[in-house]
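This is what each chain is made of:
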Amino acid sequence: MRKSLKNIILVSFVFLSISCSFKTDNRPNILFIMSDDHAYQAISAYDNRLIDTPNIDRIADDGILFSNASVTNSICAPSRAVILTGKHSHINGKIDNLAKFDDSQITFPQLFQKAGYQTAMFGKLHFGNNPKGFDDFLILPGQGSYINPLFLGKDKDTIINGHVTDIITDLTLNWFKSKRDESKPFLMMYLHKAPHRPWWPTPEKFAEFYEKKFPEPETLFDDYTNRGTAAKTAEMNILKHMQYMHDSKIRPETMEIMSEVEPKMIYTRDDGTTTTPSVERFNGPYGRMNESQRRKYDITIDKINDDFKNNWPKMNDIEKMKWKYQRYMQDYLATISSVDDNVGRVLDYLEETGLDKNTIVVYTSDQGFYLGEHGWFDKRFIYDQSFKTPLLIKWPNVIKPGITNDELVQNLDYAQTFLEAAMIDIPDDMQGESLIPLLKGNSQEWTRDAVYYHYYEYPSVHMAKRHYGIVNKDFKLVHFYFDVDEWELYDRLNDPNEMNNVYYDPNYKDVIEALTSELSDLRKKYKDSDELSRSFIYD
Ligand code: SGN
Ligand code: CA
């Protein structure tokens, strides 16, 4: 008798405390939106030269825009590992896209789940088929597909018909509408594949953007004089390395006709080896389409191919570069336009339901991207357009609307920021800094004046050499250490386009001395070393 009374009291106590804690759980929700390879130059809140992104801009209008946000290692899966663990690549071990992610590590979503948040992830993670810390997820395998993509789930894998950007949004919105537990705050990771190569937009955006013409960057015809070996040997030049079938949407049949006209369409490297245009690369995405999808895409593909057949043979190299740049921008920006529409759908939903009032919304990319600057596409380098990444955050009643911040913040800082916002203890071994003081406008509490960068994926696609460096607001000091031993220094204020390596200019002797010593201190602080770098070199 006494025992069952005790039980009743215990059960009612537990019930009461649970319902109380539900009622008082006003910790903020977090909606983390990340796209893949989204250059800040292609967000109108940063730069309205190329595209209007009214919905992504809503986050900046209602919150904060970081104009100097960067990544620690400008490549996809490593950036994601840094975000999840709050640790540099050399500590979390995911130094490049190929390395295995050690999933015994603590990631911030696991801590959120443990602390009573409802957690979900939809879209591109890039590694792992069972992300830890998520109540629900559907993720693309690896890079995933643009058209009719396959998703990996907890219980089963599934192919969903349509365009990947719309589908990832539908999955996210469906989760909000049917799965959300209103008694808990949520952490939602809504992760776009777009605008990753090979830039297949929806058929409607494909047609719309094919009619547009975009301004060229100042450095489109960069010949890499005054730069080191790494810039000269990288294989990411739009004219030389962008692929006709894969990137510019030239049909294999057209290529066959054109190769007879111009056999050099296959790029030959200095050492005589060639890069082969791959038919499968066109046929991959095109082959995934059903008949009715194909009919819609064919209208624009035919126009592109007719133009190419008629005009290409008459063009010189400058005109060819310009043509390829336009084709690149048309498709890349078209995929972003869909991301923007879809971000709008999610923001609208939050507003319609009132959820927006207690939700932190973050928009970022796994890294930046070259949109023709230095003649390039792709990323990897410490040079600005791929080192920097967009970062916009809104948090009603905490962040003042419409502010810009130019502090040197990094993807390394996200985990600690979210944990602090959710009042969850931050593990001691995370290496970033919480951005909360900056979000609250307490800039005096922010003391960082330089950041550390280290890129590893070499030799590999695009052939960007391994390097590490230090960046502050005025200078960038870089060491390319693998198969060359070269240093570069850029004067960020006087040479914002990073066209002149001034490392050997005697006027910068003092700057070099000071920065070299700061770099060495940073490497010690973050526990990186030459020995560790060597351990990451494969046979
Ligand atoms: C693919 C791309 C490359 C890109 C890497 C890494 N080629 O290999 O251009 O640099 O991914 O990108 S593709 O034509 O097959 O897409 S990352 O964002 O995943 O790191
Ligand atoms: Ca990426």
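In this text, all values refer to a predicted model and were calculated from it rather than measured experimentally.

Conventions adopted
- Residues numbered from 1 in each chain as written.
- Chains lettered and ligands numbered in written order.
- Predicted model: local features only at pLDDT ≥ 70, side-chain atom pairs only at ≥ 80, totals over all residues.
- Heavy atoms only, no water.
- Helix = DSSP H or I, 4+ residues; strand = E, 2+ residues; numbered from the N terminus.
- Rg over C-alpha atoms; globule rule 2.2 N^0.38 Å.
- Buried < 20%, exposed > 50% of the residue type's maximum accessible area, 1.4 Å probe, protein only.
- Contact = heavy atoms within 4.5 Å.
- Areas by Shrake-Rupley, 256 points an atom, 1.4 Å probe, with all protein chains shown as cover.
- Near = heavy atom within 4 Å.
- Polar contact = N/O pair within 3.5 Å; in protein donor to acceptor, adjacent residues only side chain to side chain.
- Nonpolar A, V, L, I, M, F, W, Y, C, P; charged D, E, K, R; others polar.
- Donors = N, O, S within 2.8 Å, 3.2 Å for Na, K, Ca; no water.
- Tetrahedral: all angles 85-135°; square planar, octahedral: opposite > 155°, others 65-115°.
- Salt bridge = Lys/Arg side-chain N within 4 Å of Asp/Glu carboxyl O.
- Domains from an automatic or database assignment.
- Buried area = accessible area lost by both parts, 1.4 Å probe.
- Pairing = 2+ DSSP bridges.
- Axes fitted to C-alpha atoms, helices over the stretch in contact; angles between N-to-C directions.
- Parallel < 35°, antiparallel > 145°, perpendicular 65-115°, else oblique.

As a further point, take the overall build of the chain. Secondary structure summary: the chain contains 18 helices and 14 strands in total. Over its C-alpha trace the chain gives a radius of gyration of 24 Å, about what one expects of a compact globule, namely 24 Å for 539 residues. The principal-axis extent of the C-alpha atoms belonging to the chain is close to 95 × 65 × 45 Å. Residues counted as buried form 60% of the 539 residues belonging to the chain. Long-range pairs, those at least 24 residues apart, make up 69% of the contacts in the chain with a sequence separation of at least 6. Just so you have it, the chain exposes about 22,500 Å², and 51% of that area is on carbon and sulfur atoms.

Moving on, we come to helix H2 (residues 54-62). When H2 is considered as a whole, its buried residues turn out to be Asn55, Ile56, Asp57, Arg58, Ile59 and Ala60. Structurally, H2 contributes buried residues whose contacts are with strand S1 (29-35), strand S2 (64-66), helix H13 (317-353), strand S8 (359-365) and strand S9 (391-394).

A separate point is the site of ligand 1. Taken together, 17 residues lie around ligand 1, and Gln143, His246, Asp378, Arg380 and His462 are the ones closest in. Taking Gln143, its side chain carries an N or O atom lying 2.7 Å from an oxygen atom of ligand 1. For ligand 1, whose free accessible area comes to 450 Å², the fraction covered by protein is 88%. In terms of residue class, the shell around ligand 1 is built from 2 nonpolar, 7 polar and 8 charged.

In this section: the coordination of the calcium ion (ligand 2). The textbook angles at a metal center are 109.5 degrees for a tetrahedron of four donors and 90 or 180 degrees for an octahedron of six. Within the protein, Asp36 (OD), Asp37 (OD), Asp366 (OD), Asp366 (OD) and Gln367 (OE1) serve as the donor atoms for the calcium ion (ligand 2), at 2.1 to 2.9 Å. Seen from the calcium ion (ligand 2), its 6 donor atoms lie at angles of 49 to 175°, and the figure they make is irregular. Sequence spacing of the donor residues for the calcium ion (ligand 2), all on one chain, is D-D-x328-D-Q. Here the residue Asp36 occupies a position in the loop between S1 and H2, and Gln367 occupies one in the loop between S8 and helix H14 (384-387), the gap between them amounting to 331 residues. Accessibility assignment for this pair places Asp36 and Gln367 in one class, buried.

Enumeration according to the criterion identifies 35 salt bridges in this entry. Arg197 is the salt-bridge partner of Asp247, the closest N and O atoms lying 2.8 Å from each other. In this pair, Asp247 is assigned in the loop between helix H9 (238-241) and helix H10 (252-261) and Arg197 in the loop between strand S7 (186-191) and helix H7 (203-210), connecting sequence segments 50 residues apart. For the pair Asp247 and Arg197, a shared accessibility class is recorded, and that class is buried. The closest approach of N and O atoms between Arg492 and Asp384, which form a salt bridge, is 2.9 Å.

Okay, the domain arrangement of the chain next. Here the domain parsing of the chain yields domain 1 (25-196 + 356-443), domain 2 (203-328) and domain 3 (455-535). Taking only C-alpha atoms into account, the centre of domain 2 sits 32 Å from that of domain 3. Listed per partner, the contact involves 13 residues of domain 2 and 14 residues of domain 3. In this assembly, domain 2 packs against domain 3 so that about 1,100 Å² is buried in total across both faces, 51% of it on carbon and sulfur atoms.

As a further point, take the sheet that holds S9. One open sheet accounts for 10 strands, arranged S6-S5-S4-S3-S7-S1-S8-S9-S2-S10; its pairing is mixed. Two strands in the sheet have a free side with no partner beyond their single neighbour: strand S6 (158-159) and strand S10 (403-405). As judged from the 2 bridges shared by strand S5 (residues 150-153) and S6, these two strands associate in the antiparallel manner. Bridged to Leu150 within S6 is Ile159.

Let us now look at unusual backbone geometry. Cis geometry marks the peptide bond from Ala194 to Pro195, where omega comes out at 0°. Cis geometry is found at the peptide bond from Tyr458 to Pro459, where omega equals -5°. Counting through the fold element by element, Pro459 comes out in the loop between strand S11 (450-455) and strand S12 (467-472). For Asn226, which is not glycine, the phi torsion reads 65° and is therefore positive. Topologically, Asn226 is positioned in the loop between H7 and helix H8 (229-233).

What follows covers the pairing of strand S13 (residues 475-480). Counted residue by residue, S13 has 6 buried out of 6 residues, so it is predominantly covered. Of the two faces of S13, the one holding Phe475, Leu477 and His479 and the one holding Lys476, Val478 and Phe480 are both buried throughout. Hairpin remark: S12 followed by S13, antiparallel, with 2 residues in the connecting loop. The pairing of S13 with strand S14 (residues 486-491) spans 6 bridges and is classified as antiparallel. Opposite Phe475, over in S14, you have Asp491 as the bridge partner. Here S13 hands over to S14 after 5 residues, with Asp483 in that stretch at a positive phi of 60°.

Pairing is antiparallel in the open sheet, where 4 strands are placed in the order S11-S12-S13-S14. Looking at the sheet topology across the chains shown, the edges are occupied by S11 and S14. Averaged over all adjacent pairs, the angle separating strand axes in this sheet is 15°, with direction ignored. Along the sheet, helix H17 (residues 509-525) contacts S11, S12, S13 and S14; its crossing angle with S12, the most-contacted strand, is approximately 110°.

Looking now at the environment of Phe122. For Phe122, the location among the structural elements is in strand S3 (residues 118-123). The exposure class assigned to Phe122 is buried, which follows from its relative accessible area of 5%. Residues Phe122 and Ile168, spaced 46 residues apart in sequence, show a C-alpha to C-alpha distance of 6.1 Å. Phe122 has contacts with Phe137, Leu138, Ile168, Leu171, Thr172, Trp175, Met188, Met189, Tyr190 and Leu191, leaving out every residue within four places of it along the chain.

It is at 9 Å that the axes of helix H6 (residues 164-178) and H13 come closest, and there the two elements cross at 10°. By the angle between their directions, the pair H6 and H13 is classed as roughly parallel. Each of Thr165, Asp166, Thr169, Asp170, Leu173, Phe176 and Lys177 in H6 lies in contact with H13, whose residues at this interface are Ser338, Val339, Asn342, Arg345, Val346, Tyr349 and Leu350. Along the lines of polarity and charge, the residues of the contact of H6 with H13 split into 6 nonpolar, 4 polar and 4 charged.

A few words on the side chain of Thr254. In this fold, Thr254 is placed in helix H10. Contact partners of Thr254, with chain neighbours within four places excluded, come to Asn305, Phe308 and Lys309.

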